[in-house]
Amino acid sequence: SLQDKLNSAFRTLKGKDRISDINVAATTKEVRRALVDADVNFKVAKEITDRIKEKALDRKILISVEPGQMFVKIVQEELTELMGGTAESIDIKGDPAVVLIAGLQGSGKTTFSGKLASMLKKQGRNVLLTACDIYRPAAIEQLKVLGEQIGVEVYSEPENKNAVEIATNAIAHARKTNKKIVIVDTAGRLAVDEVMMQEVEDIKKAVKPTEILFVVDSMTGQDAVNTAKTFNERLNFDGVVLTKLDGDSRGGAALSIRQVVEKPIKFISTGEKMEALDAFHPDRMASRILGMGDVVSLVERAQQAFDEDEAKRINAKMRANKFDFDDFLGQLQQIKKMGNIKDLVGMIPGMGNAMKDLDVDNDSFKPIEAIIQSMTKKERETPTIIDGSRKKRIANGSGTSVQEVNNLLKQFDEMRKMMKKMNTMQMPAAIKSAVR
Ligand code: GDP
C-alpha cells in the first residue's frame, strides 16, 4: 500500500542525524513513486519531488526530531502549499446568487446540490434548488426527494425540454419568493459530449452564475484530471467538488486537478448522507495522500517545545554526572509544553491503540513537581543530604507523604545510576557523535 511504500522510503532515513547525510535522491524517488500510486499525475509528482529535494537539502534539521519525520513534514508542507494552502469559500453574494453545478453523470452532482443547499440553509440562508436535467425524469425526482428531506424548495418544469429556459425561470421564481441563493443542478452524461457541454455553456451565459462548481468522482483517478480539464476549458469554473472520498480513493486526484487546471478544490464529499460534506482543507488532504496521519503534528509540536541550547546543556550535565533535580524539573516542563501526554503517545504510529488504557495524564506530574519545588536549592543539587527530618519537611510542604518523597528520591537515584552507566559504556563513534 501507499503507506508501506512511504514507510520504507522513510526507513532509509532513520538513524541518520542530518538529512544532508542521507541519500535524498533515492528517497525522493520513492516518494515520487508513492505519489503516482496515489493517483497523482506523473509530471506533477516529478515537479513536486524536485522541489522537495531542494528543500530537504536546504533545511536545518533539529537534533530532537528524526530526519525521517522531518522529511515527511517537508513533503506534507509542499503538498499543502500546492493544493492552495488554506480552505477557499464560494461566492454567494448577489440577488440572487447563482451556483451552477456541472459534471459527469454519476459524479455526485445531485447529491452535492442537496448537501450544499442543506449546509447553506443551516447557515440561515434562503435557498432554491433547480432541477435542470431534462433528459432523466428520475434526476428531477431525486432532487425533489432530497429537497423534501432537507426542507428546501425545488424548482422544476418536467414538461419543458429547454434547460436554459428552466434555469432562467428559476431565477425569476427565486426573486419572487425572496430566495437569496439559487443552486442549479445540470444534466450530466456518462462521458464528455458536445451537446451536454454546449448546454451547460448556454445556461452559464443565460444565468451568469456567481459560482460555477465542477463535481468529480475522486475514484476515477487520472480520468478525473482529464474531465476537469475539458470542463474547465469550456466553463472556466471557479472551484472543484471532490466526491466519494469515503471510499478508498487516495486523494491524489485533488493534487493533480489543482495543478493541471489551477482551480481550488472547495468541497469534499464523504458519503451519501446529507451531512457528509466538508470544506476542503489542503493540509488534511496532504496527510491523506501521504497516509502518515498525525506524525506531522507530532513533529510540529516537538519543534515548538524543543530548545536546542537547553538540550545541549542537559546533555553535558548528564555526561558529567551532574544532572540534578532542577534539571529534572526543567525536563518535565518541556514535556508538558508539548501538550497532553496521552495525545502525544496516541500520535506515535502503532502506539495509539496499545496505550489507550494507559493511565497517564499531565496531572501525574503534579506531586513530583510539588516535591521538587519544596526542596531547597542545596537539596535539589545534592539530594544525598536529604535525611529523615528534611523528608518530613518536604512532604509537608508539598502536600504529599514521606513515602512519596522516598519513592521519588529512589527513582531519581536510579536514573542517575543509569546515566552514569551509559557514560562509561563503550559507545560506537557514530552514536557518540549523534548525541553530542
Ligand atoms: P449525479 O448523476 O452526478 O447527479 O450523481 P448522484 O448525485 O446521483 O450520485 C451518484 C451516486 O453516487 C448516488 O448513488 C449517490 O448516492 C452516490 N454518491 C454521491 N456522492 C457520494 C459520496 O460522497 N460518497 C459515496 N459513497 N457515494 C456518493
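Residues numbered from 1 in each chain as written. Predicted model: local features only at pLDDT ≥ 70, side-chain atom pairs only at ≥ 80, totals over all residues.

Our working rule: UniProt positions are given in the numbering used here, feature names are shortened, and annotations may be inferred rather than shown by experiment.
The chain goes by Signal recognition particle protein in an unreviewed UniProt entry, where it is assigned to Persicitalea jodogahamensis. Quoted verbatim from the Catalytic activity (unreviewed entry) field of UniProt, the annotation for the chain is "GTP + H2O = GDP + phosphate + H(+)". Turning to the chain, the UniProt record has this under Subunit (unreviewed entry): "Part of the signal recognition particle protein translocation system, which is composed of SRP and FtsY."

### Some thoughts on the overall build of the chain
Rule in force here: Runs of H or I in DSSP of at least four residues are treated as helices and runs of E of at least two as strands, each being numbered from the N terminus. Comment: burial labels come from other C-beta atoms within 10 Å of the residue's own C-beta, placed from the backbone, where a count of 20 or more is buried, 12 or fewer is exposed, and between is partly exposed. Two residues qualify as a contact pair if the distance between their C-beta atoms, derived from the backbone, is within 7 Å.
Helix and strand counts for the chain stand at 21 helices and eight strands. Buried positions account for 37% of the 436 residues belonging to the chain. The long-range fraction of contacts in the chain, counting pairs at least 24 apart against all pairs at least 6 apart in sequence, stands at 74%.

### Thoughts on the UniProt feature "domain: SRP54-type proteins GTP-binding" (unreviewed entry) in the chain
UniProt tags residues 264-277 as "domain: SRP54-type proteins GTP-binding" (unreviewed entry). The span residues 264-277 is 0% helix and 43% strand, and its two end C-alpha atoms sit 16 Å from each other.

### Structural notes on helix α11 (residues 282-290)
By the criterion of burial, α11 is predominantly enclosed, with seven of the nine residues buried. Every buried residue of α11 is listed here: Pro 282, Met 285, Ala 286, Ser 287, Arg 288, Ile 289 and Leu 290.

### As for the sheet that holds strand β4 (residues 181-185)
Formally: One requirement defines pairing of two strands: DSSP has to find at least two bridges between them. To get an axis, fit a line to the C-alpha atoms, keeping to the stretch in contact for a helix; angles then go from 0 to 180 degrees between the N-to-C directions.
Here eight strands make up an open sheet; going across it, the order is β3-β2-β4-β1-β5-β6-β7-β8 and the pairing mixed. The open sheet has two edge strands with one neighbour each: β3 (153-155) and β8 (277-279). Between one strand axis and the next, the sheet turns by 25° as a mean value, whatever way the strands run. Running over the sheet, helix α5 (residues 109-122) touches β1 (97-103), β2 (127-131), β4, β5 (211-217), β6 (239-243), β7 (265-269) and β8 and is turned about 170° from β4. Sitting on the sheet, helix α9 (residues 222-235) touches β1, β5 and β6, and the angle it makes with β5 is about 160°.

### Observations regarding the confidence of the model for the chain
How we decide: As a per-residue measure, pLDDT reflects the predictor's confidence and takes values from 0 up to 100.
Per-residue confidence for the chain gives a mean pLDDT of 80; residues scoring 70 or more make up 76%. In this model residues 349-356 is a low-confidence stretch, pLDDT under 50, and it forms six contacts with partners more than four residues away in sequence or in other chains. Across residues 426-436 the pLDDT falls below 50, and counting only partners more than four positions away or on other chains, this stretch makes three contacts in the model. Scored as a complex, the prediction yields pTM 0.66 and ipTM 0.98.

### A few points about the nonpolar core
The criterion, for reference: A set of buried Ala, Val, Leu, Ile, Met, Phe, Trp, Tyr and Cys residues, joined through C-beta atoms within 7 Å, is what we mean by a nonpolar core. What fixes the domain bounds is an automatic or database domain assignment.
Formed by 82 residues in total, the largest nonpolar core has its most connected members in Val 99, Ile 183, Val 184 and Phe 214. Among the domains, domain 1 (2-86) and domain 2 (97-280) are the pair contributing at least three residues each to this core. Formed by nine residues, the second largest nonpolar core is a distinct cluster that contains Phe 325, Ile 394, Val 405 and Leu 408.

### A word on unusual backbone geometry
Most peptide bonds take the trans form, and the phi angle of most residues other than glycine is negative. A cis amide bond, omega -5°, links Asp 95 with the succeeding residue Pro 96. Along the chain, Pro 96 turns up in the loop between α4 (67-82) and β1. Phi at Asn 236 is positive, roughly 50°, even though this residue is not glycine. Along the polypeptide, Asn 236 turns up in the loop between α9 and β6. Residue class for Asn 236 comes out exposed when judged on the 11 C-beta atoms lying within 10 Å of it. Positive phi is not limited to glycine here, since Glu 262 has a value of about 55°. For Glu 262, the location among the structural elements is in the loop between α10 (252-261) and β7. The class of Glu 262 is exposed, set by 9 C-beta atoms lying within 10 Å.

### Details of the pairing of β6
The side chains of a regular strand alternate, residue by residue, between the two faces of the sheet. Rule in force here: By convention, a crossover is right-handed whenever its connection, traced from the first strand over the helix to the second and viewed with the strands pointing away, goes clockwise.
Burial analysis of β6 places four of its five residues in the buried class, the great majority of the element. Across five bridges, the pairing between β5 and β6 is parallel. Note on β6: the bridge partner recorded for Val 216 is Leu 242. Tracing the backbone out of β5, into α9 and back to the parallel element β6 gives a crossover that is right-handed.

### Observations regarding the packing of α9 against α10
Rules: When the near helix sits turned anticlockwise from the far one by under a right angle, the crossing is termed left-handed; a clockwise turn instead gives a right-handed crossing. Residues are sorted three ways: Asp, Glu, Lys and Arg are charged, Ala, Val, Leu, Ile, Met, Phe, Trp, Tyr, Cys and Pro are nonpolar, and all the rest, Gly among them, are polar.
At a closest axis distance of 9 Å, the pairing of α9 and α10 adopts a crossing angle of 30°. Like other packed secondary-structure pairs, α9 and α10 cross with a definite hand, here right-handed. For the pair formed by α9 and α10, the contact residues are Ala 224, Val 225, Ala 228, Lys 229 and Asn 232 on the first element and Ala 253, Ser 256, Ile 257, Val 260 and Val 261 on the second. Looking at the contact of α9 with α10 residue by residue, the class counts come to seven nonpolar, two polar and one charged.

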